Amino acid sequence: MSVLIKNAEMVTMEDQRVVTGSLLIEGGKIKHIFPEGELPDCCEAAEVIDAEGKLVIPGMTNAHYHSYSNLLKGTESRYPLEVWSLYTVAYGHSLSVEDIHDAVLLGAAEMIRNGITGCIDHFPHFLKSEAALEAYQESKMHVAFAPMLHDIPDHKFLQIDFPDRIEQKLTASQPPTPERMKHFYEGLIRRWHGKDERIHIMIGPNAPQRCSREMLRLSRELSDLYALNVHTHLLETYLQRDYGMRTYKKGIIGHLDHAGLLNERLSTAHAVWLAPEEIDLLADRGVSIIHNPASNMILGSGTAPIMTYTEKDIPVSLGTDASNCGTSHNLFEMMKLALMMQRNNASEYHWWPTAHNMLEMGITQGAALLPGKRGKIKAGYQADLVFLDKNNPVWAAVNDVHEQLVFHENGQSIESVMIKGKWVMRDRKILSFNEDEVIDRVRRRSHHRLEKSTEALRFAEEQKPFFEAIYK
């Protein structure tokens, strides 16, 4: 179906241009942009939209995200990562296939309402992948779905000696072998990769230190065999850097390099604790970095030097991470936080990031991590478009559109969202699925989920003192 959008003010993400004109969409892609006053009389479309008073921007991409966590809002977020992880694993035990399906749709609703049209879902519950992918198909969002591979638990990497009673419980459930994960991935790729030109599979090692050499080799093998991108957590905390240097001859980066994974297909979340020579190595190899400002602050992980990365031409995009480390899935919030974090305590103001830098990270760089041409309003690109209503105090006086998007917008102005030329939200109503039914199902099962996680939470409490001891 063809759509003509008239009288639109557009943030094209081509340089820093904001243009006014009309937009013709055919087959889910932008066919032509007509400058203001140049719309030919012969231009016809099945649907014509008058966008007078609207600001149109490309759909944003949440480049690091965990969908399951949408059911865990309000749970423990007062601990650093290594302790916090005990609880997110414990709550994860309570999630059914139905819960995972609804968690994906809850997150999709939140992201669409905030102008996010695509995401990278780093997904730990690989046995429930089908339920998650079915929900993504229903949502109509773009997703690069990265089921986690890992076979080394944190307590092994951190050299924690547990009493026998705890060790026996931990060894009762063995992690999946590389052979099993290979079989799993091959089936998932066969069934889902490229589906509807919106769903793509990524290889998702949890983190280098949580993967044996064999598991990382499998990641490289699958990436090479199927031409798939790879996504992983990287050096999120100082403890990971410290223990990584003790464990591997050249640290965690050397562990990745030995597996042959440092290349242009790799995107790394966090990357807070890189040494200067490691930054240079990632730049030389074409590795991308995803900055997660909110979760880094909430978990006390540190501040990633993202302007150093951009100066060395490392692509940097933005992620919201998990709901249960206190974040909302709102890239306007992440852009503003990221900008302020880099300016804080940096007296050399010429080095400060700009609003346009943040828009590049939230829109263009994130889009580049998923297949297809997205992230710009440009002929030949997919019609992932976000419509903001300017009839509110944020936009009453317009001085610089880029500045106002980053410093003053929070998503409240978003009225409608289009993915591949089709409406997924119109006049603030989600159209691709029944949001109210999802919310109702989640509410009805909430108490049951908490009951199911009681024993696992008790076990997390048993382990906690041993993890806390490593901080001393």
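Quick caveat: nothing in here was measured; it's all calculated off a predicted structure. Here the residue numbering is sequential within each chain, running from 1 through the sequence in written order. Totals for whole chains, interfaces and linings use all residues, but because this is a predicted model, local features are given only for residues with pLDDT of at least 70 and pairs of side-chain atoms are given and counted only at 80 or more. Only hydrogens and water are set aside; all other atoms, that is, all heavy atoms of the structure, feed into the side-chain values.

1. So, unusual backbone geometry
As a reminder of what qualifies: Working definition: helices are DSSP H or I runs of at least four residues, strands are E runs of at least two. Numbering for both runs from the N terminus.
One non-glycine residue, Lys-140, lies in the positive phi region at around 75°. Relative to the helices and strands, Lys-140 resides in the loop between α3 (129-139) and β8 (142-149). The phi dihedral of Asp-313 is positive, around 65°, even though this residue is not glycine. Inspection of the secondary structure puts Asp-313 in the loop between α12 (306-311) and β14 (316-318).

2. Section: helix α14 (residues 355-367)
Because the α-helix completes a turn every 3.6 residues, residues three or four places apart line up on one side. For clarity, the threshold we go by: Expected span of a helix, by definition, is 1.5 Å for each gap between consecutive residues, and there is one gap fewer than residues. Two axes enter the bend calculation: one fitted to the seven residues ending at the residue in question, the other to the seven starting there, and the bend is the angle between them. Burial status follows relative accessibility: with a 1.4 Å probe on protein chains alone, a residue under 20% of its type maximum counts as buried, one over 50% as exposed, and anything between as partly exposed. Contact definition: two residues touch when any of their heavy atoms are within 4.5 Å.
Across its 13 residues, α14 extends 18 Å between first and last C-alpha, which sits within 8% of the 18 Å expected from 1.5 Å per residue. The largest bend along α14 reaches roughly 40° and is located at Met-361. Of all 13 residues in α14, 10 are buried, a share of seventy percent or more. Turning to α14, its buried residues are Ala-355, His-356, Met-358, Leu-359, Met-361, Gly-362, Ile-363, Thr-364, Gly-366 and Ala-367. In this fold, the buried residues of α14 make contact with β5 (54-58), β6 (60-65), α12, β14, α13 (331-343) and α15 (401-407).

3. Some details on the pattern of salt bridges
Working definition: two side chains of opposite charge can pair if their charged atoms are close together. Applicable threshold: Salt bridges are defined as contacts in which a side-chain nitrogen from Lys or Arg sits within 4 Å of a carboxyl oxygen from Asp or Glu.
In this structure the tally under the stated criterion is 31 salt bridges. Between Arg-198 and Asp-196 there is a salt bridge; the shortest N-O distance is 3.4 Å. Residue classification places Arg-198 among the buried residues on the basis of a relative accessible area of 7%. Residue Asp-196 is classed as partly exposed on the basis of its relative accessible area, which comes to 38%. A salt bridge links Glu-197 to Lys-420, with the nearest nitrogen and oxygen atoms 3.3 Å apart. Note that Glu-197 is positioned in the loop between α6 (178-192) and β9 (199-201) and Lys-420 in the loop between β16 (414-419) and β17 (422-426), a separation of 223 residues in sequence. Residue classification places Lys-420 among the buried residues on the basis of a relative accessible area of 18%. Each member of the salt-bridge network shares a partner with another, and the members are Asp-99, Asp-102, Arg-441, Arg-445 and Arg-449.

4. Observations concerning the packing of helix α2 (residues 97-113) against α3
Note the cut-off: In this analysis, axes come from line fits to C-alpha atoms, helices being fitted only over the stretch in contact, and the angle between any two N-to-C directions falls in the range 0 to 180 degrees. Note on convention: the crossing is left-handed when the near helix lies turned anticlockwise from the far helix by less than a right angle, right-handed when the turn is clockwise.
Between α2 and α3, the shortest axis-to-axis distance is 8 Å and the interhelical angle comes to 35°. For the pair α2 and α3, the sense of crossing is right-handed. On the side of α2, the interface is formed by Val-97, Ile-100, His-101, Val-104, Leu-105, Ala-108 and Ile-112, while α3 contributes Ala-131, Ala-132, Ala-135, Tyr-136, Glu-138 and Ser-139.

The values are spatial; any link to function lies outside them.
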